[in-house]
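Below, each chain spelled out in residue letters.
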Amino acid sequence: MKPSQIPQSNRKSLRIKNKESESLLESAPVQNKKQKVSLKSSKGLPKEEITNTTFGDTVGKRKVASKSKSFQLSLSSGQQRAESKTKHLDENFLLDIYHKRLRTLKGMMGFTEDIQVFHTLCDRFEKLRDTTKAVGMCKYMRNQFEYFGIPTPQRRDVYKNLWKDVRLLNSSELRTLACQTWFSPEREFQYFTAELLEREVLRIYSDDNQSPENTVLKALDFVKTFLLHEKSWWDTVDTLAPKVVGQLYKQSPDVVGPVLDQWNVDRNRWLCRTSIIFQLGYKADTDAERLFRYCLKVGNEEEFFIQKGMGWALREYHKTDPEAVRNFVLKNKSKLSALSIREALKHDK
């Protein structure tokens, strides 16, 4: 159809669409920039609460290492929309990115190895990098961490078929892989570390030919490294505490128990929170005396994550023994925070 044959109203519609397309291409940013988020914002916390920062490290002071910026890809949002979910990046480019990671990690850790699982993971994450989604994820976590921008279901699909390869690694390689992923800049790597330890923590030192008790203690100390590190935050702690430390406690309660006694009164909020929530999911196997004792020792603590952790742990045990939790809370009302009490009895009838 010739231009002269197009109805006047349709020609006007086409002009508008063309202008919108041109405007979209011209306005596409070269690279998204992080924005500062007020510490008073509730984003980055487990849902609705606002953080009290009187305990442990001050919230918001953690900074992402500047070295990690070299790993970012300069892809515009316009390019992302034009690409499929899995980008077909040049293999030489991916290899170059991978070797940059290894060099940086060697500088941080003092050593590293070329482990194929880590190499594959790096390539797959890189192909799924979405800078638009990454900006939103960064904001939610108060701009403390970098992200590839990969949603959780898609992220887990990335390494779903890698677990069989992980099972073939020896203890030393497992520890190296845990460190490589944890110390990499993007947050998706730390989530992998937490899931790796959940699956393999009992093998972390299994080939050291030591007593089972010493093996568990060394594994617990290894996990403590990540709990104390600057990349530690509620999103990783809430996996490491119940699913990793909780697993070690079940393996050797007489060995792990005294260590948790110390963590409970430690000035580091993540160690303290871990000692309180490590029994999540224990149900009837919960050591109620230990749970109640730990809550009382830090009952008046003003730190949000400690108060919330107590409420969470008590609420979960309430599902198993509501009367025990109700009696404990009512008896010790003056020793617990309002937040802990409210959370503990949230489902009490």
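Check the entry above for the structure.
All values reported here derive from a predicted model rather than from experimental measurement. (Residues numbered from 1 in each chain as written. Predicted model: local features only at pLDDT ≥ 70, side-chain atom pairs only at ≥ 80, totals over all residues. Heavy atoms only, no water.)

Participant: Lay out the packing of aromatic side chains with the relevant residues and their values.
Facilitator: In this structure the tally under the stated criterion is 22 aromatic pairs. Ring plane angle 55° and centroid distance 6.0 Å describe the contact between Tyr98 and Phe118, whose orientation is recorded as tilted. With Tyr98 in helix H3 (residues 91-109) and Phe118 in helix H4 (residues 116-127), the pair connects residues that are 20 residues apart, well separated along the chain. The exposure class of Phe118 is buried, given its relative accessible area of 0%. Aromatic side chains Trp182 and Phe226 sit 5.1 Å apart centroid to centroid with 50° between the ring planes, which places their arrangement in the tilted category. Of this pair, Trp182 sits in helix H8 (residues 171-182) while Phe226 sits in helix H10 (residues 212-228), placing them 44 residues apart in sequence. (Phe/Tyr/Trp six-rings, centres within 6.5 Å; stacked < 30°, edge-to-face > 60°. Helix = DSSP H or I, 4+ residues; strand = E, 2+ residues; numbered from the N terminus. Buried < 20%, exposed > 50% of the residue type's maximum accessible area, 1.4 Å probe, protein only.)

Participant: Could you give an account of the pattern of salt bridges, naming the residues involved and the relevant values?
Facilitator: This model, assessed by the stated rule, comprises 21 salt bridges. Between Glu200 and Arg203 there is a salt bridge, with the nearest N and O atoms lying 2.7 Å from each other. Residue Glu200 shares its accessibility class with Arg203, and that shared class is buried. The partner of Arg326 in a salt bridge is Asp348, with the nearest N and O atoms 3.0 Å apart. (Salt bridge = Lys/Arg side-chain N within 4 Å of Asp/Glu carboxyl O.)

Participant: Summarise the packing of H4 against helix H9 (residues 187-200); cite the residues concerned and give the values.
Facilitator: Here H4 crosses H9 at 140°, and the two axes come no closer than 11 Å. Relative to H9, H4 is oriented oblique. For H4 against H9, the interelement crossing comes out right-handed. On H9, the residues that touch Val117, Phe118, Leu121, Cys122 and Phe125 of H4 are Glu188, Phe189 and Phe192. (Axes fitted to C-alpha atoms, helices over the stretch in contact; angles between N-to-C directions. Parallel < 35°, antiparallel > 145°, perpendicular 65-115°, else oblique. Left-handed = near helix turned anticlockwise from the far one by under 90°. Contact = heavy atoms within 4.5 Å.)

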